[in-house]
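Each chain, letter by letter, is given below.
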Amino acid sequence: MCCTTSKKTTAAGVMTMKMLEIHDLHVSIGGTPVLKGVNLTINAGETFILFGPNGSGKTSLLMTLMGISGYEVTQGSIVFKGQDITRAPMYERARLGIGISFQRPPTIRGLSTGKLVELCARDQKVDVPAMARKLNFDTFLDRDVNAGFSGGEIKRSELLQLMAQRPDLILFDEPESGVDLENMSLVGNTVHELLEGESPKGVSLRQLGRVRQTCGLIITHTGYILQYVNAHRGQVLYHGKLCCEANPHEILKHIQKHGYHECLRCLSTDDKEIRL
Amino acid sequence: MSVDFSRYSFNAGEKTGPLADLGLLPKMDQVRLIEAGINVQDHHVSGAFMQINKDGVHCNTRHEGVELLSIQAALKKYDGLPQHYWHLLDPEKDELARTVKETLGGGYFIRAKKGVKITEPLQSCMFIKGTRVGQSVHNIVIVEEGAEVHILNGCATSNATEEALHLGFTEYYVEKGGKLTFTMVHNWGDNVTVRPRSAGIVESGGEFQSNYILLKTVGDLAMYPVIKLVGENAVSRFNSVIVAPKGSNLDCGNRIELNAKNTRGEVIARVLTVGGKVVSRGYIGAEASPVKGHLECKGLILGGGSIHTIPELFSCQDGVELSHEAAVGKIAQEEIEYLMARGLDEDEATSTIVRGFLNVDIMGLPDQLQKAMNEQIATLNASSAL
C-alpha cells in the first residue's frame, strides 16, 4: 500500500468523517509548478505527518490549503467539511475551522500579542492571560506581535493564537524548529492538547478516536514532534507529489537511515509496490 | 506655501472674558477641544492655560512648583525676559517672525521650578473662533535644573471658523537634568493655515520629549521644531503620528542638533495619508562625538495623496552613530494575510494594522489622553476613508 489512499475507516475500523479532501492538486508559484497532483484525505480526529526534503513543496501545500496569495491552483480541488474551498478567501477558510501555525510570521507593529489572541477567538470567550500562562508566555502579551521574538517565542505565540481560535484542522509548519530543548516539551504538549484535547483519564485511544474531531497536518524534519502527538499516518512529499504512505515513525526511521532518494524510486514505479 | 497675511486680522474674532473653568465653554467648542486632547474638566492636571483668539481667558495653576503666566504678564514681571524671549528664535528672520513680533497676541510662560517634579500634566490650549482671525502667540517654557513637567498642548478652531491663521512661536529651555515632555494635539480645519515655529536647548543630562498627534484635516501646516542638545548626556526624542485626509497639506519635520558629547536624538514619524499631501522631514546633525541619533519615517498611503520623506543626517566628526530608516507604501500583504488566516476579513485586517501603525502608546501619554486618542483612531478606521 503506497501513495494516495483515501481511507474510509480508522485503524480501529470505525467509520469516520472526512475532514479534508485534496483531489489532484496542482499548484504553481509565479508560473513554476510546485505541487503536481497531490491527493490526500484527512479524517476527523486524525493527525497526518508530512515529510520531505527542502523545496519539495511541503510549505506550499500548507499555504495553498490556507489560501495564501501567490499559490495558484492550476488544477484539482480542496474540499473541507464537504465544502469546496479551492477558491475561498482565507478568512472564510479560517472561519470554517482551518488554522495554521506559520514558520516565519510577519511582525505587526503597534498590535499587541494579547489583542491579536483576542481577535483570534472572535466570538468565543477566552481567558487570554490564563492561556498564556500555560505556555509560559504571559509576559509577552503586551509586546508587539512577533517583534524581536526568538524562534521558540514565535512558536509559542502561534500556538497561543491557535488555542484561542480552536480550529478543527490545524496545519503546523515545523512546530519544533527553533525551539530549545527546555521548551520542546511545552510546545509538544501544547500541540498534543490542540489536537487531542486534554484526554480524560481512562479513555482508550479507540474511544478517543470516536470522540475527537480535531485533525492535524504536521510538517516535520526532525520528527521530535512525533514523541508528543498520536500520529496516525504519514507520507513523503517529493518533487511535488506524495508517495510512501506508512506509519510516520517508520518513515522517519527510514529517512534517517536512507535519506529521501528511495522516494524517487517509489515515484517512478508504476505499480507503486515499493514500500518504506 | 507662503502666507498672505493681508487676509487675516489679528484683532478679529469673538472677544471672550475670563473663564473660571473650561467647562463653561459652549458644548460645541468643548467637543473641538476634546478632539485636540484637552481635558475640559481640568481633572488630573496641575494647571491650565487657555487662549481664545488674542485673549487669555483662563490661567490657573494648582501646583506651587510651576509658574504659569500669560506672556504679557511674564514680560512685565521679568523685565522683558532678556534671557529667554526671542533668544533662540530670530524676530527678523522673515515676515512670519516679524509679524509675530509686531502683532503679539498672547501666549504663555511656563516655568517648572528647580528640582520640582510635577507629576500631573499642565494643559495649554489655543483656540480660534471667528472668520479670518489671525492668532499670533509667543510661548516660553523653562524647565529649571532637575525639574520635570509634562505639558499637554491642544490647538483647535471652532466649528464655525471659516478661515484662520495661527502663528505659534515657542522657545524651550531645559536646564541641567531637567525633563520636559511636550505633547501637542492639533484639530484645525480645511481653511486653516498654521505656522508654528519652535526652538529649544537642552543642557547636560536634560531630556526633551516631543509628541505630536494630528488626526484631522488641516489646510496648510508647516513646522520644523529645532532642538539643540548643548550639554553632555542630553537626550531628545520626537514622536509624531500624523493622518492627512483629503484637503490636508502638511510640511512637518524635526531637527535635532547633537552639540555635546554623549547626546542622543531620535525622530520617529508615522504618517498616514488618505488623500492629503505630506512632506515629512527629519534632520539629525552631529557636531560632537561620541553621539547617537536615529531617524525613522514610516509612511502609509491608503486611497490617494502623497508622502515625500526627506531624512537627513549630518556629521563632521569621527565616531558618531547616526542612522535613518524611511519607508513609504502600502500595508504589507503578508501582514494582512497573517490576520486573515486568523479569521479577519480584509477590511478588519487592514483596520487592525492601521490602528497599530498609528498607535500612540509609545508616547507615554496620561491614560485619559491615550484613551481619547485611541478612540479617535478607532473611529478613523471605521470611516469610509479607510
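Residues numbered from 1 in each chain as written. Chains lettered and ligands numbered in written order. Predicted model: local features only at pLDDT ≥ 70, side-chain atom pairs only at ≥ 80, totals over all residues. Heavy atoms only, no water.

Caption draft 1: Geometry of the overall build of chain B. The helix and strand tally for chain B stands at 6 helices and 20 strands. The C-alpha radius of gyration of chain B comes to 20 Å, within 12% of the 21 Å expected for a compact globule of 386 residues. By principal-axis analysis of the C-alpha atoms, chain B measures approximately 65 × 55 × 40 Å. For chain B, with 386 residues in total, the buried portion stands at 59%. Within chain B, contacts between residues at least 6 apart in sequence are counted, and of these 83% link residues at least 24 apart. For chain B, the computed accessible surface area is about 15100 Å², with 48% contributed by carbon and sulfur atoms. (Helix = DSSP H or I, 4+ residues; strand = E, 2+ residues; numbered from the N terminus. Rg over C-alpha atoms; globule rule 2.2 N^0.38 Å. Buried < 20%, exposed > 50% of the residue type's maximum accessible area, 1.4 Å probe, protein only. Contact = heavy atoms within 4.5 Å. Areas by Shrake-Rupley, 256 points an atom, 1.4 Å probe, with all protein chains shown as cover.)

Caption draft 2: Expanded view of the overall build of chain A. Counting its regular elements, chain A contains 9 helices and 12 strands. Here the contacts in chain A between residues at least 6 apart in sequence split such that 71% fall between residues at least 24 apart.

Caption draft 3: Representation of the sheet that holds strand 3 (residues 47–51) of chain A. All names here are of chain A. The mixed open sheet is built from 6 strands, whose spatial order is 6-9-10-3-11-12. Strands with a single pairing partner mark the edges of an open sheet, and in this sheet they are strand 6 (98–101) and strand 12 (241–246). Going across the sheet, the axis of each strand differs from the next one's by a mean of 20°, ignoring polarity. Pairing of strand 6 with strand 9 (residues 169–173), which is carried by 4 bridges, proceeds in the parallel orientation. Looking across to strand 9, one finds that Ile98 is bridged to Leu169. Along the sheet, helix 1 (residues 58–66) contacts strand 3, strand 6, strand 9, strand 10 (215–219) and strand 11 (233–238); its crossing angle with strand 9, the most-contacted strand, is approximately 145°. (Pairing = 2+ DSSP bridges. Axes fitted to C-alpha atoms, helices over the stretch in contact; angles between N-to-C directions.)

Caption draft 4: Geometry of the interface of chain A and chain B. Each partner contributes to the interface: chain A provides 28 residues, whereas chain B provides 18 residues. Summed over both partners, the interface of chain A with chain B buries about 1800 Å², with 61% contributed by carbon and sulfur atoms. The residue Arg95(A) makes a salt bridge to Glu348(B) at a minimum N-O spacing of 3.3 Å. Put simply, chain A and chain B have 11 residue pairs in polar contact (both at pLDDT 80 or more) between them. Sorting the residues of the side of chain A that touches chain B by element identifies helix 2 (90–96), strand 6, strand 7 (108–112), helix 3 (113–121) and helix 5 (151–165) of chain A as the ones contributing at least two each. For the side of chain A that touches chain B, the per-class residue count stands at 17 nonpolar, 6 polar and 5 charged. (Buried area = accessible area lost by both parts, 1.4 Å probe. Salt bridge = Lys/Arg side-chain N within 4 Å of Asp/Glu carboxyl O. Polar contact = N/O pair within 3.5 Å; in protein donor to acceptor, adjacent residues only side chain to side chain. Nonpolar A, V, L, I, M, F, W, Y, C, P; charged D, E, K, R; others polar.)

Caption draft 5: Region of interest: helix 1 (residues 27–35) of chain B. Residue and element names in this part refer to chain B. Among the residues of helix 1, Asp29, Gln30, Arg32 and Leu33 are the ones counted as buried. Take helix 1 and look down its axis: the buried residues cluster within an arc of 160°, on one side only. What points out from helix 1, more than 90 degrees from its buried face, is the exposed set Lys27 and Met28. Summarising the contacts, the buried residues of helix 1 are in contact with strand 1 (47–52), strand 5 (122–128), strand 7 (148–157) and strand 9 (179–187). Backbone geometry just after helix 1 places Gly37 at a positive phi near 80°. (Arc of directions from axis to C-beta.)

Caption draft 6: Summary view of the confidence of the model for chain B. On average, chain B scores 93 in pLDDT, and the residues at 70 or more come to 98%. Between the elements of chain B, mean pLDDT differs from a low of 84, seen in helix 6 (residues 367–382) of chain B, to a high of 98, seen in strand 13 (residues 226–229) of chain B. (pLDDT = per-residue confidence, 0-100.)

Caption draft 7: Just the packing of helix 4 (residues 333–340) of chain B against helix 5 (residues 346–357) of chain B, in detail. Residue and element names in this part refer to chain B. Between helix 4 and helix 5, whose axes approach to 9 Å, the crossing angle comes to 120°. Comparing the axis directions of helix 4 and helix 5 gives the class oblique. Where helix 4 crosses over helix 5, the handedness of that crossing is right-handed. Contacts between helix 4 and helix 5 pair Glu335, Ile336, Leu339 and Met340 from the former with Glu346, Ala349, Thr350, Thr352 and Ile353 from the latter. Residue composition of the contact of helix 4 with helix 5, grouped by class: 5 nonpolar, 2 polar and 2 charged. (Parallel < 35°, antiparallel > 145°, perpendicular 65-115°, else oblique. Left-handed = near helix turned anticlockwise from the far one by under 90°.)

Caption draft 8: Molecular detail of the sheet that holds strand 1 of chain B. Residues and elements named next belong to chain B. Strand order in this open sheet of 10 strands is 2-1-5-7-9-11-14-16-18-20, and the pairing throughout is mixed. Each end of this open sheet is capped by a strand with a single partner; those strands are strand 2 (55–61) and strand 20 (321–329). Across the sheet, the axes of successive neighbouring strands diverge by a mean angle of 5°, strand direction being ignored. The pairing of strand 1 with strand 2 spans 6 bridges and is antiparallel. Bridging from a neighbouring strand, Gln51 pairs with Gly56 of strand 2. Of the strands in this sheet, strand 1, strand 5, strand 7 and strand 9 are in contact with helix 1, which crosses strand 5 at around 125°. Against the sheet, helix 5 makes contact with strand 16 (264–274) and strand 18 (292–301), and its axis sits at roughly 150° relative to strand 16, the strand it touches most.

Caption draft 9: Expanded view of the pattern of salt bridges. Residues and elements named next belong to chain B. Scanning the entire structure with this criterion turns up 25 salt bridges over all chains. Residue Arg281 is joined to Asp251 by a salt bridge in which the shortest nitrogen-to-oxygen separation is 2.7 Å. Highlighted residues: Arg281 in strand 17 (residues 277–286) and Asp251 in strand 15 (residues 249–258), separated in sequence by 30 residues. The class for Asp251 is partly exposed, based on a relative accessible area of 23%. If you follow the salt bridges from partner to partner, you end up with Glu67, Lys77, Arg111 and Glu144 in one network.

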